[in-house]
Structures are given as structure tokens and as C-alpha cells.
Amino acid sequence: MEKPISYFDWKLHFRNNFPHKNGKKPSNFKLTSLNEFKILLRNFYKKESLLKSGGIVSSQFDFQNLNLSKGMITCTIKDPSTQEYEIEINKEGMYIHHKCQEFRNLNKFKKYFCSHIIRLFFILKENDKQKAVELLKHISSHDYNFFPKVK
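What you see is a predicted model, and the numbers here were worked out from it, not measured in a lab. (Residues numbered from 1 in each chain as written. Predicted model: local features only at pLDDT ≥ 70, side-chain atom pairs only at ≥ 80, totals over all residues. Heavy atoms only, no water.)

Some thoughts on helix α6 (residues 129–141)
For an α-helix the count is 3.6 residues per turn, leaving residues at separations of three or four pointing the same way. The terminal C-alpha atoms of α6 lie 18 Å apart, and with 13 residues this matches the ideal 18 Å at 1.5 Å per residue to within 8%. Taken residue by residue, α6 has Ala-132, Val-133, Leu-135, Leu-136, His-138 and Ile-139 as its buried positions. (Helix = DSSP H or I, 4+ residues; strand = E, 2+ residues; numbered from the N terminus. Expected span 1.5 Å × (residues − 1). Buried < 20%, exposed > 50% of the residue type's maximum accessible area, 1.4 Å probe, protein only.)

Structure below.
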């Protein structure tokens with residue numbers, strides 16, 4: 001079974017070559033797809049959610065549809081507390097559907113990803129880094145509906 005990432009490993013992963021102090025880039029900073037991924041994802045998370053996502057293992061994700069070229073993703077997440085959550089991302093329809101409480105609470109005033117969606121993007125990055133960056137760019141530059149199926 002896969003082990004969750006420790007807090008320190010997670011923090012080191014983001015600290016390396018990531019411009020954030022005073023908005024200045026280190027002299028050796030190069031905009032690679034990994035750095036671009038970090039910068040884009042940073043717009044959508046709060047620190048608490050990022051840290052919480054380190055405890056979610058990729059084996060908890062069951063993909064029904066994974067088409068990064070079209071930007072269509074449907075998956076189910078099995079939470080250890082026997083809850084099941086669904087995530088649906090649709091680039092063409094410009095929406096993200098997810099019903100966890102953390103996602104709802106974070107999106108009252110500004111659009112943020114919950115720990116499930118953050119972890120999903122790390123899995124997508126491992127699958128195809130460039131397509132994951134393209135999807136994050138699209139979400140960043142368009143007004144996605146984060147609650148299309150909630151009435």
C-alpha cells in the first residue's frame with residue numbers, strides 16, 4: 001500500500017526553485033513545465049488544503065474517464081471513512097463538479113481547490129505534465145463553474 005507524503009517532503013517539494021519571496025525569481029530560475037504547474041496550481045489552493053492532500057494516496061482514485069487531451073476527467077475517490085466522492089472536470093463545458101464539504105466551504109468567496117482536486121492534479125501531472133499544465137491554464141483563464149450540478 002502506498003504511504004502518504006510526509007509534511008516535510010511535501011514542503012520541500014514546493015520550496016525547490018519556486019519563486020515566492022517578494023515576488024522575485026531566483027537567478028537560476030527557469031520556467032519549466034514543472035515550475036509552470038506549481039505557479040498555476042498555487043492560484044487555486046490554500047496551504048491547509050495542500051498539506052491535507054499529501055495524506056491522500058493515488059490508489060484511492062478510480063478513473064471512469066481520463067482524457068487529458070479533451071480536458072474531460074471523471075473519477076471517484078474512496079475516502080478511508082467509507083465515504084465516496086466524485087470529481088468531474090469538463091474543459092468544454094467549463095465546469096468542475098465535486099461535492100465534498102471542504103470544496104464547498106473553500107468556494108464561498110473565491111474559487112479554490114480542495115485537497116481531493118489538488119491531489120488529482122498531482123496524479124494528472126504524473127500522467128502527462130504538459131496536458132495537466134494546459135488544463136490548469138485553461139481553468140485559470142476561463143470562468144469555470146465550480147457547482148454546475150448543485151441546486
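Text resumes after the structure shown.
So, the pattern of salt bridges
Oppositely charged side chains can pair when the atoms bearing their charge come close. By the definition in use, this model includes five salt bridges. Taking the shortest distance from any N to any O, the salt bridge between Lys-52 and Glu-102 comes out at 3.5 Å. Here Lys-52, found in helix α3 (residues 47–53), pairs with Glu-102, found in helix α4 (residues 101–106); they are 50 residues apart in sequence, far enough to count as distant. Judged by relative accessible area, which is 49%, Lys-52 ranks as partly exposed. Judged by its relative accessible area of 16%, Glu-102 is buried. For Lys-78, the salt bridge goes to Glu-84, with nearest N and O atoms at 3.5 Å. (Salt bridge = Lys/Arg side-chain N within 4 Å of Asp/Glu carboxyl O.)

A look at the packing of aromatic side chains
Summed over the entire model, instances satisfying the criterion amount to six aromatic pairs. Centroid distance Phe-37 to Phe-122: 5.5 Å. Interplanar angle 75°. Geometry classified as edge-to-face. A residue pair is termed long-range when its members are at least 10 positions apart, and Phe-37 in helix α2 (residues 33–42) and Phe-122 in helix α5 (residues 115–127) qualify at 85 residues. As far as burial versus exposure is concerned, Phe-37 and Phe-122 are alike and both buried. Ring geometry for Phe-113 against Phe-146: centres 6.1 Å apart, planes inclined by 20°, an arrangement best described as stacked. On the criterion of sequence distance, the pair formed by Phe-113 in the loop between α4 and α5 and Phe-146 in the segment after α6 is long-range, its members being 33 residues apart. An identical accessibility class is assigned to Phe-113 and Phe-146; each is buried. What links up through ring pairs into an aromatic cluster is the set Phe-44, Phe-103, Phe-113, Phe-121 and Phe-146. (Phe/Tyr/Trp six-rings, centres within 6.5 Å; stacked < 30°, edge-to-face > 60°.)

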